[in-house]
Amino acid sequence: MTRFIFITGGVVSSLGKGLASAALGSLLQLRGYKVRLRKLDPYLNVDPGTMSPTQHGEVFVTDDGAETDLDLGHYERFTGVHARKSDNVTTGRIYSDVLAKERRGDYLGATIQVIPHVTDAIKDFIMSDIDDEDFILCEIGGTVGDIESLPFLEAIRQVGNDLGRERTCFMHVTLLPFIAAAGELKTKPTQHSVKELQSVGIQPNILLCRTEQFLPDEQRAKIGLFCNVSAADVILAQDVDNIYKVPAAYHEQGLDTQICKHFGLETSPPDLGMWEQIAERVSRPESEVNVAIVGKYTSLQDSYKSLGEALDHGGISNRVKVNITWLDSELLETDDPEEACRQHLSQMDAILVPGGFGQRGSEGKISAITYARTQKVPYLGICFGMQMAVLEAARTIEQTATASSTEFGETDHPVVGLMTEWVSGNKTSKRSAEDDLGGTMRLGAYPCVMAEDSRAAALYGTTQIEERHRHRYEVNIGYRDTLEAAGLRISGLSPDGELPEIVEREDHPWFIGVQFHPELKSKPFDAHPLFVSFVEAAKKQNRIV
Ligand code: GLN
């Protein structure tokens with residue numbers, strides 16, 4: 001029997017609802033349950049694929065090729081359960097499906113309304129694609145009280161009614177602000193937020209209250225009294241200094257115990273050894289490394305959420321703390337890029353150019369790569385970072401000194417260009433330069449075959465892998481000889497040999513570019529081999545004494 005836990009947020013946004021859901025997922029898993037996490041996003045975009053990363057944060061890509069909210073990354077990293085297309089939906093997607101059905105005449109002439117048509121579509125989504133999971137944890141994006149979230153709240157209210165208390169639980173995440181002048185934690189915003197939820201017919205069963213301070217018992221009882229829940233169901237979520245401590249902290253406050261009690265389930269408490277070990281390694285690293293991420297959206301770290309996490313995972317397995325310096329590549333675009341690189345990068349043990357789009361800042365990234373190549377600083381290029389490493393290499397050869405990407409406009413040497421057709425299994429996909437922006441990318445998991453004697457194969461421990469993609473342009477295999485003459489080996493390819501997936505330098509301590517996004521599959525308890533090896537190479541630089 002599958003049970004549903006709905007997670008809503010109140011008072012303010014950015015309360016860490018995604019992380020709280022992920023941590024609860026892990027706790028239930030450690031009690032022996034099978035879980036799946038989902039997110040319902042109230043905005044009108046059909047998916048986050050076309051949203052600016054500086055506004056919305058990273059686009060997390062699933063194996064089955066969905067562009068989803070970054071919270072799905074937290075879910076995967078905490079539970080190891082790979083998310084699917086069916087784990088994230090937006091108002092835009094719901095409406096576009098409802099309207100398509102209406103145009104097809106599927107509603108047989110009915111008047112289409114928010115209740116029941118839109119809410120039914122939301123309920124269908126919540127209930128779809130469930131195997132034998134014990135729990136579906138379903139997070140509602142946004143804050144209670146937003147106009148956009150109303151149809152979602154109505155839909156989950158109905159699910160609560162349909163399935164009853166034995167199969168549904170409502171958890172509300174709120175904030176208890178600390179007013180320094182009064183020296184008090186304030187409960188009023190929580191009370192108001194719960195009232196707002198009650199006004200749409202939802203009585204929360206569990207309150208998870210984020211706070212910086214300890215909450216005295218009488219305050220807990222007061223919140224319970226005013227919000228119509230028992231004091232034991234008011235869970236204090238005090239800030240912790242690293243995210244891996246969250247599962248243990250919530251468990252200590254009774255979160256999973258109360259959830260199990262709600263459903264009348266008796267299981268032994270979770271073994272938190274794994275999280276304790278990870279938290280311990282994070283708190284007590286043996287040394288530190290400095291890694292520069294040279295990119296464009298460096299002002300908002302959420303735009304590279306998984307990347308920061310994957311580097312941390314590499315640090316955890318190497319027992320080092322990874323200090324990340326976010327460097328805006330345009331700072332390297334001066335009259336003397338070499339000097340600019342020396343100035344900004346000489347303290348760095350490793351350089352990484354991450355995924356990116358568009359020409360702005362690309363020359364600065366190429367300069368950083370030249371610096372990494374010539375100064376023998378470990379370099380990892382991800383997606384755009386691989387494409388730029390390829391341009392950098394081609395430009396060292398006289399005939400292709402003007403090498404560029406067709407992403408930047410016409411060029412006589414399209415070393416990176418638009419592939420109009422590619423094959424995956426027995427399916428051929430096509431795209432053209434005129435297609436809509438959403439939906440023309442190579443998205444999701446694709447296989448890659450590596451040369452047996454490559455560094456990549458050595459560090460993966462295999463020659464066949466599948467990694468997640470999100471890009472429109474490809475390295476042009478026609479320039480293979482040029483690149484090899486420049487010292488850049490194509491060591492991983494799509495199985496048909498058409499699409500370069502991995503490049504590496506043999507004349508360098510550690511220089512790898514990958515067309516895919518390895519960071520999306522890294523976990524704290526199972527760090528991605530590329531990041532383990534990259535951080536290890538940084539550690540060998542030993543610049544910090
Ligand atoms: N802009 C490049 C492309 O579309 C790289 C994309 C990326 O780095 N995710 O191919």
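Heads up: the structure comes first, above all this text.
Q: How should I be thinking about helix α6 (residues 150–163) in this particular structure?
A: Helical geometry note: an α-helix holds 3.6 residues per turn, so side chains three or four residues apart project in the same direction. The terminal C-alpha atoms of α6, which comprises 14 residues, lie 20 Å apart, in line with the 20 Å expected from a rise of 1.5 Å per residue. Looking one or two residues past α6, Gly164 carries a phi angle of roughly 80°, positive in sign.

Q: What is the right way to read the nonpolar core from this model?
A: Soluble globular proteins: nonpolar side chains tend toward being buried together. Among the nonpolar cores identified, the biggest contains 44 residues, and Ile5, Leu28, Phe135, Leu137, Tyr250 and Ile259 are the most heavily contacted of them. Sort the elements by how many residues they give to this core and helix α1 (residues 17–30) lands first, with 7 residues. Dropping the residues within four chain positions of it, Ile5 is found in contact with Leu24, Leu28, Phe135, Ile136, Leu137, Cys138, Cys169, Ile259 and Phe263. The next biggest cluster of nonpolar side chains, apart from the first, holds 40 residues, and it includes Tyr371, Val377, Met386 and Tyr479.

Q: Explanation requested: the site of the ligand in the structure shown.
A: Lining the immediate environment of the ligand, one finds Gly355, Gly356, Phe357, Cys383, Phe384, Gln387, Glu407, Arg470, His471, Arg472, Tyr473 and His517. Take Gln387: an N or O atom from its side chain is 3.1 Å from an oxygen atom of the ligand. Between the ligand and the protein, one listed contact pairs a nitrogen atom with a side-chain N or O atom of Glu407 at 2.8 Å. In isolation the ligand has 300 Å² of accessible area, and contact with the protein removes 99% of it. Every element with two or more residues in the shell around the ligand is listed here: α15 (384–394) and β21 (464–471). In the shell around the ligand, the residues fall into 4 nonpolar, 5 polar and 3 charged.

Q: Mind showing me how you'd approach the environment of Arg489 here?
A: Tracing the backbone shows Arg489 in strand β23 (residues 488–493). Classification of Arg489 by relative accessible area gives buried; the value is 18%. Expressed as a C-alpha distance, the spacing of Arg489 and Arg505, which sit 16 residues apart in the sequence, is 6.1 Å. If sequence neighbours within four positions are ignored, Arg489 has contacts with Ala451, Asp453, Ser454, Glu484, Ile502, Val503, Glu504 and Glu506. One polar contact links Arg489 to Asp453, side chain to side chain, over a distance of 2.6 Å.

Calculation notes
- Residues numbered from 1 in each chain as written.
- Predicted model: local features only at pLDDT ≥ 70, side-chain atom pairs only at ≥ 80, totals over all residues.
- Heavy atoms only, no water.
- Helix = DSSP H or I, 4+ residues; strand = E, 2+ residues; numbered from the N terminus.
- Expected span 1.5 Å × (residues − 1).
- Core = buried A, V, L, I, M, F, W, Y, C linked by side-chain atoms within 4.5 Å.
- Buried < 20%, exposed > 50% of the residue type's maximum accessible area, 1.4 Å probe, protein only.
- Contact = heavy atoms within 4.5 Å.
- Near = heavy atom within 4 Å.
- Polar contact = N/O pair within 3.5 Å; in protein donor to acceptor, adjacent residues only side chain to side chain.
- Areas by Shrake-Rupley, 256 points an atom, 1.4 Å probe, with all protein chains shown as cover.
- Nonpolar A, V, L, I, M, F, W, Y, C, P; charged D, E, K, R; others polar.

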